Amino acid sequence: MEIKRCWYHPFSFSREMLNVPYNIKMISVVIFFYYLGWGIVSPFLPLYYKTILGSYTAVGLVTALLPLFALLIDIPAGGIINRVSKVWVLRIALLLYLPFSFFLLSLKNIFHFVLFRIYHSSVSTPFWISADSYARGNAQKWKAAESMSVYDVGATLSLVIGPIIGGILFVYFDFSLLYAISIFAGIALIASFFLKDSEKHETAKEAVKNLIFSDGVYKRAIVDFLQNKLLVKVYSFVFLFRFCMSFVVMLLPLFLKEFGASNFQIGLVFGLYYLPLLFEPYFSVYAKNKRLMTMGLLLCAVLFVSLFVNNRLSFIFFHAILLSLLFAAIIPMLNGRIVELMPKEQMGELSGVGMMFMHVADFAGPIIAGVVSDAFGLSYMFLVGAMVAFGLVMLSLRKSFRTALFD
């Protein structure tokens, strides 16, 4: 049966957001506290890496190491999480984040970063797969985009508030500010005990045993994923879109610093960059608007070109916000469609494979950005982004991709 999607004006949408399930609201709260620590430090992480390592290529490399190592555990983590309590996986991951800041502040060279990223990926990958699977599993099919947008707002709100707080606190604490990651992970751990865990699941021991002795966890997960042809097309699209988002977050603070911005200005601009993403739940009610997708991607390409040819601080500030607004319009379409295409009984397994697409994009973006920035200059990576965004425009106009994305 085809479900009719209603079109809401801004005032009626608030009722739709309030009507999402309790578990969606609660996981959004957990993610908010967890990500607030990251929000506080996020504008200064590329600067911290640059201070230690010296080149943009090295910054790109250490940024990309996280998704690179995460690739190795995406599928087995997804397979295990599909069988066990997602809530307890979240809690264990948050517990392991408590010493995170101490380790981060102890890094001195590339080798240290390699070891650190192995630990980081082993914690963050199960955390995000379980959080995403929990949210998708509790999202109502007929309000998938709305539910996932409310979930996303938890992270987005912390990334709006956090950098502004970080910009103020950095004046007093310098890079000791990085302790915020562990502090807020601890608060998120406390909040996670308010999540309801009503699913029937195996014990961790049974899940690992069954996974090891089952017929090839990687093979089974990938086969199930490839059989879902529409989901494959959507994630191929998501890969290119995520590539654009990944290098912007890395380059923005470095770009601002190069053109004379203060630490407070970097925090402020970084926070305001995420502000439009708070409108993601509103845009989610337009998740089936094909024209919005195509026009949004075309404008992204135009803004990337604009950032390539202009380097005034006020111009960067204005264009960063516009770019974020376009991301906010497009993300709900992709997230909602993924929920619609994933069978609930395969949510964890397919989320693991899907996370691989995102991790490859998150790996490629910083690596390419670092190499291009050292070879030609920071602004040239925006030209690469323009080409990728224009490629997405072309894909969105193809019949096969329009069917996968909307029908």
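Since this is a predicted model, take the numbers as computed values, not measurements. (Residues numbered from 1 in each chain as written. Predicted model: local features only at pLDDT ≥ 70, side-chain atom pairs only at ≥ 80, totals over all residues. Heavy atoms only, no water.)

## Details of empty space enclosed by the protein
Using the criterion set out here, one finds three cavities of 30 Å³ or more in the structure. By volume, the largest cavity is sized at about 1500 Å³. What lines the largest cavity is a set of 47 residues, and nearest its centre among them are Tyr35, Trp128, Arg242, Tyr274 and Asp362. (1 Å grid on protein atoms, 1.4 Å probe; cavity = no way out; pocket = protein on both sides within 12 Å on 5 of 7 lines; lining within 4 Å. Points joined across faces, edges and corners; volume = space filled by probe spheres on them.)

## Let's talk about the nonpolar core
Membership of the largest hydrophobic core comes to 126 residues, with the highest contact counts inside it found for Leu104, Phe241, Phe247, Phe304 and Phe327. Here this core gets 18 residues from one element, more than from any other, and that element is helix H12 (residues 229-258). Ignoring anything within four residues of it in the chain, the contact list for phenylalanine 327 reads Phe241, Met245, Tyr273, Leu277 and Cys300. (Core = buried A, V, L, I, M, F, W, Y, C linked by side-chain atoms within 4.5 Å. Buried < 20%, exposed > 50% of the residue type's maximum accessible area, 1.4 Å probe, protein only. Helix = DSSP H or I, 4+ residues; strand = E, 2+ residues; numbered from the N terminus. Contact = heavy atoms within 4.5 Å.)

## Some details on the packing of aromatic side chains
Evaluation of the coordinates by the stated rule reveals 32 aromatic pairs. Look at phenylalanine 100 and tyrosine 119: their rings are 6.1 Å apart centre to centre, the planes differ by 35°, and that puts the pair in the tilted class. Here tyrosine 119 lies in helix H7 (residues 110-138) and phenylalanine 100 lies in helix H6 (residues 100-104), a separation of 19 residues in the sequence. Pairing tyrosine 273 with tyrosine 274 gives two aromatic rings, centres 5.0 Å apart and planes at 75°, and the pair type is edge-to-face. Here tyrosine 273 and tyrosine 274 have matching classes, each one buried. (Phe/Tyr/Trp six-rings, centres within 6.5 Å; stacked < 30°, edge-to-face > 60°.)

## Digging into helix H13 (residues 263-274)
Given a rise of 1.5 Å per residue, 12 residues ought to cover 16 Å, and the 17 Å separating the end C-alpha atoms of H13 matches this to within 8%. For H13, the complete set of buried residues consists of Ile266, Gly267, Val269, Phe270, Gly271, Leu272, Tyr273 and Tyr274. (Expected span 1.5 Å × (residues − 1).)

## A word on the pattern of salt bridges
Applying the stated criterion across every chain, the model contains one salt bridge. Here arginine 242 ties to aspartate 362 by a salt bridge, and the two come within 2.9 Å at their closest N and O atoms. With arginine 242 in helix H12 and aspartate 362 in helix H17 (residues 347-375), the pair connects residues that are 120 residues apart, well separated along the chain. With a relative accessible area of 29%, arginine 242 lands in the partly exposed category. A relative accessible area of 15% means that aspartate 362 is categorised as buried. (Salt bridge = Lys/Arg side-chain N within 4 Å of Asp/Glu carboxyl O.)

## Digging into the side chain of serine 246
Summarising the element assignment, serine 246 is placed in helix H12. Its relative accessible area of 13% is what places serine 246 among the buried residues. Only 3.5 Å separates the side chain of serine 246 from the backbone oxygen of alanine 361, close enough to count as a polar contact. In this structure serine 246 touches Ala361, Asp362, Gly365 and Pro366, once residues within four positions along its chain are discounted. (Polar contact = N/O pair within 3.5 Å; in protein donor to acceptor, adjacent residues only side chain to side chain.)

## Description of the packing of helix H5 (residues 86-96) against H7
Two elements in contact, H5 and H7, have axes whose closest approach is 9 Å; the angle formed by their N-to-C orientations is 150°. As summarised for this structure, H5 and H7 are arranged roughly antiparallel, according to the angle between their axes. H5 and H7 meet at a crossing whose hand is left-handed. Along its contact with H5, which presents Lys86, Val87, Val89, Leu90, Ala93, Leu94 and Leu96, the element H7 presents Tyr119, Val123, Pro126, Phe127, Ser130, Ala131, Ser133 and Tyr134. When its residues are assigned to classes, the contact of H5 with H7 shows 12 nonpolar, two polar and one charged. (Axes fitted to C-alpha atoms, helices over the stretch in contact; angles between N-to-C directions. Parallel < 35°, antiparallel > 145°, perpendicular 65-115°, else oblique. Left-handed = near helix turned anticlockwise from the far one by under 90°. Nonpolar A, V, L, I, M, F, W, Y, C, P; charged D, E, K, R; others polar.)

## Quick look at the confidence of the model for the protein
On average, the protein scores 79 in pLDDT, and the residues at 70 or more come to 81%. For the protein, the element scoring lowest by mean pLDDT is helix H1 (residues 10-18), at 48; helix H9 (residues 180-191) scores highest, at 94. Note on residues 1-14: pLDDT under 50 across the span, and 25 contacts to partners over four residues away in sequence or across chains. (pLDDT = per-residue confidence, 0-100.)

## Brief notes about the environment of isoleucine 80
Examined against the element boundaries, isoleucine 80 turns out to sit in helix H4 (residues 56-81). Overall, the relative accessible area of 26% leaves isoleucine 80 in the partly exposed class. Residues isoleucine 80 and proline 126, spaced 46 residues apart in sequence, show a C-alpha to C-alpha distance of 9.3 Å.

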